[in-house]
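Structural characterization, general
Here are the chains, one letter per residue:
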Amino acid sequence: MSPHSFLVHHTNYIPSNQFIPVFYRSLTMTRSTRSKYFADAANFRFSTVSSSDQIEQKPSSTKIPKMLKPHPVAKLTGRKRKSSENVTAPDNWEKVYDEIRLMRKNIVAPVDTMGSDSHTHKDPKLGRFHVLISLMLSSQTKDTINAVVMDRLKERGLTVQWILDIPEAELDEIIHPVGFHRRKAGYIKRAAIILREKYDDDVPPTLEKAMELPGVGPKMGVLLMHSAWNQNIGIGVDVHVHRISNLLGWVSTNTPEKTRMCLQSWLPPDRWQEINHLLVGFGQVICLPRGRKCEECRLSNGLCPSVSFSPKKTRRAGTGKQIDRVTEEKIKIELPDVEDLAKVI
Ligand code: SF4
């Protein structure tokens, strides 16, 4: 029975002011659950409905179904998925995606040459360790800074043993240019102990195990599985992916984690590994966090709802100097790119 025919059928039982809530409740159910719900409702006969007032609670035996199964990442983080995070694919997403791919072909972004996945080594195990360290250093840090610090570490012979040997204060000094360096030095020291004890100096082979390392959250874990083990297990959503996905109208979310859940609900899995790199580079060169280059963007021709061509100029008080009024993103990021630092020691 469809929600509409159900309502028509029970017109005599349901007070008019309850049609809308009952109707919408039934809309959120799968077909099979809706049938059960209707059957239970019919048995209940709405006998507790007063003639002048409201419908009572539905029978206790009728359960509202869980509409969405948690994604494995959500499962790992203990976070429940909300229905608002299950969005349908935007009509023109493939066209937009292809245009971004085209633009990315013609630009070299910092992430292309200095991103975490650019660290390779003739010893694959050591290469994976370098990827892990690069990722652990990367939150709240530009790729350019991260690359300089990684070079410093490699020059000194970056291995698990070297990390185990070096005093934490000295490691902190070396990685000083990156954000949250003191905390990261502690994480790296503790991670090295775990890698030695449990993984023979290698990187954990699963997301679940990777997230047991200090400072490694879902985003970093997903990227680590992509780069170190070529496992396509989800989308690594950083501030660029989060910001641009919202600008394009692909999602409407206020945290990277919600963006991940939304994107994963409609983006085909064969794009999951690619999209982070694609959008990060796009966000570094064209769709910048400040001063987006819409004039140079192929999406400005009706494909992007956030296009903004001529930022108005205003004068900075007291200086007479013109400044761009488009100085900050409208998209609020409640969880900035420190989610991987959320696991405080
Ligand atoms: S048109 Fe502007 S806002 Fe939209 S994706 Fe391109 S650069 Fe970003």
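These numbers come from a predicted model, not from an experiment.

1. Quick word on the overall build of the protein chain
- Secondary structure assignment for the protein chain yields 16 helices and 2 strands.
- Expressed as a percentage of the 345 residues in the protein chain, the buried residues total 33%.
- By sequence separation, contacts in the protein chain at least 24 residues apart represent 62% of the contacts at least 6 residues apart.

2. Some words on the nonpolar core
- Grouped together as the largest cluster of nonpolar side chains are 58 residues, with contacts concentrated most on L132, I133, I188 and L224.
- Two domains each provide a minimum of three residues to this core, namely domain 2 (73-106 + 236-324) and domain 3 (110-233).
- Beyond its immediate sequence surroundings of up to four residues, L224 is in contact with V131, L132, L135, V203 and A210.

3. Describing the environment of C304
- Within the element layout of this structure, C304 appears in the loop between α16 (272-285) and β1 (313-315).
- C-alpha of C304 to C-alpha of L248: the two residues are 56 residues apart in sequence and 5.4 Å apart in space.

4. Structural notes on the confidence of the model for the protein chain
- In the predicted model, the protein chain carries a mean pLDDT of 75, and 64% of its residues have values of at least 70.
- In the model, residues 6-24 has pLDDT below 50 throughout and makes 19 contacts with residues more than four positions away in sequence or in other chains.
- For the stretch residues 322-345, pLDDT sits under 50, and the model shows 55 contacts to residues farther than four places along the chain or on other chains.

5. Section: the packing of helix α5 (residues 93-105) against α16
- Across the interface, α5 lies against α16 with an axial gap of 10 Å and an inter-helix angle of 65°. Crossing angle aside, the handedness with which α5 passes α16 is left-handed. Here I100, R101, M103 and R104 of α5 lie close against α16, whose contacting residues are L278, G281 and F282.
- Its residues assigned to classes, the contact of α5 with α16 comprises 4 nonpolar, 1 polar and 2 charged.

6. Quick notes on helix α7 (residues 124-138)
- Relative to the 21 Å expected for 15 residues at 1.5 Å per residue, α7 spans 21 Å between its end C-alpha atoms, a close match to the ideal helical length.
- Of all 15 residues that make up α7, 11 are buried, and the element is covered over most of its length.
- Among the residues of α7, those classed as buried are R128, F129, H130, V131, L132, I133, S134, L135, M136, L137 and S138.
- Two residues or fewer after α7 comes Q140, characterised by a positive phi angle close to 60°.

7. Let's talk about unusual backbone geometry
- The phi dihedral of D201 is positive, around 70°, even though this residue is not glycine.
- The class of D201 is partly exposed, set by 17 C-beta atoms lying within 10 Å.
- Unlike most non-glycine residues, N230 shows phi in positive territory, near 50°.
- Within the secondary structure, N230 is located in the loop between α13 (218-229) and α14 (239-247).
- With 8 C-beta atoms counted inside 10 Å, the residue N230 sits in the exposed group.

8. Let's talk about the packing of α7 against helix α8 (residues 143-155)
- Two elements in contact, α7 and α8, have axes separated by 10 Å at closest approach and are oriented at 135°. If you check the angle between α7 and α8, you find them oblique. Pair α7 / α8 crosses with right-handed handedness. Facing α7, whose interface residues are I133, S134, L137 and S138, α8 presents N146, V149, M150 and L153.
- Grouping the constituent residues of the contact of α7 with α8 by class yields 5 nonpolar, 3 polar and no charged.

9. With respect to the environment of S306
- When you line up the elements, S306 lands in the loop between α16 and β1.
- Between the C-alpha atom of S306 and that of N246, which follows or precedes it by 60 residues, the distance is 9.1 Å.

10. Details of helix α15 (residues 256-266)
- Taken across its 11 residues, α15 has 9 buried, putting it largely inside the fold.
- Within α15 the residues assigned to the buried category are P256, E257, K258, T259, R260, M261, C262, L263 and Q264.

Calculation criteria
Residues numbered from 1 in each chain as written. Predicted model: local features only at pLDDT ≥ 70, side-chain atom pairs only at ≥ 80, totals over all residues. Helix = DSSP H or I, 4+ residues; strand = E, 2+ residues; numbered from the N terminus. Buried ≥ 20, exposed ≤ 12 C-beta atoms within 10 Å, placed from the backbone. Contact = placed C-beta atoms within 7 Å. Core = buried A, V, L, I, M, F, W, Y, C linked by C-beta atoms within 7 Å. Domains from an automatic or database assignment. pLDDT = per-residue confidence, 0-100. Axes fitted to C-alpha atoms, helices over the stretch in contact; angles between N-to-C directions. Left-handed = near helix turned anticlockwise from the far one by under 90°. Nonpolar A, V, L, I, M, F, W, Y, C, P; charged D, E, K, R; others polar. Expected span 1.5 Å × (residues − 1). Parallel < 35°, antiparallel > 145°, perpendicular 65-115°, else oblique.

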